[in-house]
Amino acid sequence: MNYAPAQERRKQAKTEPATEAQVKYLTMLAEKVGKERFDAEFAKVVKGSDIEPRALPGSGARRPRSG
């Protein structure tokens, strides 16, 4: 697959904070599909960006604790 067009669109896209309704919808969706599926899809979406993927279960990777 050629991801260049999608990456270019992301660079040009205007970023805005998510609305309360969007956050509510995404939270509900994540709860419906389960943590493993959500984490796997999140990793696909953030690939090629500066956003770190969440640690996948069984990967041996741990997210650093805050605080």
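Residues numbered from 1 in each chain as written. Predicted model: local features only at pLDDT ≥ 70, side-chain atom pairs only at ≥ 80, totals over all residues. Heavy atoms only, no water.

### As for the packing of aromatic side chains
What counts is decided by this rule: Within 6.5 Å between ring centres, the rings of Phe, Tyr and Trp (the latter by its six-membered ring) count as paired, and their orientation is classed by plane angle as stacked under 30 degrees, edge-to-face over 60, tilted in between. Put simply, DSSP H or I for four residues or longer makes a helix, DSSP E for two residues or longer makes a strand, and each gets a number counted from the N terminus.
Taken as a whole and assessed by the stated rule, the structure comprises one aromatic pair. With a centroid separation of 6.2 Å and 25 degrees between ring planes, the pair formed by Phe 38 and Phe 42 is classed as stacked. Note that Phe 38 and Phe 42 are positioned in helix H3 (residues 35-46) at a spacing of four residues, about one turn of the helix.

### A word on the confidence of the model for the protein chain
Note the following rule: Confidence per residue, as judged by the predictor, is encoded in pLDDT with a range of 0 to 100.
Mean pLDDT for the protein chain: 78, with 81% of residues reaching 70 or above. The weakest mean pLDDT in the protein chain belongs to helix H1 (residues 4-12) at 79; the strongest belongs to helix H2 (residues 20-33) at 89.

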